[in-house]
Amino acid sequence: MAAVEIQACGIPCLFSDRVAYETKINQNVEFFSLNESNDVINTKIKKTIGNG
């Protein structure tokens, strides 16, 4: 529920792959695997918040 609500507010989102892909309702969503390296996840965080 919160995943949909935050998207509805227009806030960029970064969800782990444990969140169902069906929750994606707009283009402000990026997913990552919990098995990815910290560097890869860090890059996705920076991209999501606009610093990368």
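What you see is a predicted model, and the numbers here were worked out from it, not measured in a lab.

## Structural notes on the packing of aromatic side chains
Note on aromatic pairs: each is described by the distance of the centres and the angle between the planes. This structure, assessed with the given rule, holds two aromatic pairs. Note on Tyr21 and Phe31: the rings are 4.3 Å apart at their centroids and 50 degrees apart in plane angle, and the pair reads as tilted. Taken as a pair, Tyr21 in the loop between β1 (13–16) and β2 (29–32) and Phe31 in strand β2 lie far apart in primary sequence, ten residues in all.

## Digging into the side chain of Thr48
The residue Thr48 is located in helix α2 (residues 38–49) in this model. The exposure class assigned to Thr48 is buried, which follows from its relative accessible area of 18%. Reaching out from Thr48, the side chain makes a polar contact with the backbone oxygen of Lys44 at a distance of 2.8 Å. Excluding residues that lie within four positions of it along the chain, Thr48 makes contacts with Pro12, Cys13, Leu14 and Glu30.

## Quick notes on the pattern of salt bridges
Throughout the structure, instances matching the rule amount to two salt bridges. Between Glu30 and Lys47 there is a salt bridge, with its nearest N and O atoms 3.7 Å apart. You can see Glu30 sitting in strand β2 and its partner Lys47 sitting in helix α2, a full 17 residues away along the chain. By relative accessible area, which is 24% here, Glu30 ends up partly exposed.

## Comments concerning the nonpolar core
Listed in full, the five residues of the largest apolar core are Ala3, Cys13, Phe15, Val29 and Phe31. Elements with a contribution of two residues or more to this core: β1 and β2. Sequence-distant contacts of Ala3, defined by excluding residues within four places in its chain, comprise Phe15 and Thr23.

Definitions and cut-offs
Residues numbered from 1 in each chain as written. Predicted model: local features only at pLDDT ≥ 70, side-chain atom pairs only at ≥ 80, totals over all residues. Heavy atoms only, no water. Phe/Tyr/Trp six-rings, centres within 6.5 Å; stacked < 30°, edge-to-face > 60°. Helix = DSSP H or I, 4+ residues; strand = E, 2+ residues; numbered from the N terminus. Buried < 20%, exposed > 50% of the residue type's maximum accessible area, 1.4 Å probe, protein only. Polar contact = N/O pair within 3.5 Å; in protein donor to acceptor, adjacent residues only side chain to side chain. Contact = heavy atoms within 4.5 Å. Salt bridge = Lys/Arg side-chain N within 4 Å of Asp/Glu carboxyl O. Core = buried A, V, L, I, M, F, W, Y, C linked by side-chain atoms within 4.5 Å.

Structural measurements only, silent on function.
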